[in-house]
Amino acid sequence: MQTLTYNFDKRIEQSIMMLRQQKHLAGFPFMIEGKGELSLNQAYMEYPDGHIEIVEFSNDFRDYSSVRKLSNTEVAIIRSKYHLENA
């Protein structure tokens, strides 16, 4: 059973990394959920140039605006936490 769980988790991770790459290649940002770190209407947005911002969504979640750009140190921490360093 552990082998199936491991393979399933790996496939999910691979799919997310592929989606991230596709979004960046198309010139779009990739959203990273804050997992309890941010307000419910906020998320991290990683842009193709590598910078990450905290963004806040409108009430209808159709639009968002930047709250602040993360420092290089904060970007490294987020990438490490979400296993995005070598992706």
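This report concerns the structure included in the present document. Everything numeric here is computed off the predicted structure, so don't read it as measured data.

1. Re the overall build of the chain
Logical step 1: Along its length, the chain carries 2 helices and 4 strands.
Logical step 2: Along the chain direction, N to C, the helices and strands of the chain fall in the order α-β-β-β-β-α.
Logical step 3: Out of the 87 residues in the chain, the part that is buried amounts to 30%.
Logical step 4: Long-range contacts, defined here as pairs at least 24 residues apart, represent 26% of the contacts in the chain between residues at least 6 apart.
Logical step 5: Of the roughly 6600 Å² of accessible surface on the chain, 53% is carried by carbon and sulfur atoms.

2. Regarding the side chain of Gln42
Logical step 1: Assignment of secondary structure puts Gln42 in strand E2 (residues 42–46).
Logical step 2: A relative accessible area of 17% places Gln42 in the buried class.
Logical step 3: In terms of polar contacts, Gln42 uses its side chain to reach the side chain of Glu56, at 3.2 Å.
Logical step 4: Those residues in contact with Gln42 that sit more than four places away from it in its chain are Ile54, Val55, Glu56 and Val67.

Reading guide: rules and limits
Residues numbered from 1 in each chain as written. Predicted model: local features only at pLDDT ≥ 70, side-chain atom pairs only at ≥ 80, totals over all residues. Heavy atoms only, no water. Helix = DSSP H or I, 4+ residues; strand = E, 2+ residues; numbered from the N terminus. Buried < 20%, exposed > 50% of the residue type's maximum accessible area, 1.4 Å probe, protein only. Contact = heavy atoms within 4.5 Å. Areas by Shrake-Rupley, 256 points an atom, 1.4 Å probe, with all protein chains shown as cover. Polar contact = N/O pair within 3.5 Å; in protein donor to acceptor, adjacent residues only side chain to side chain.

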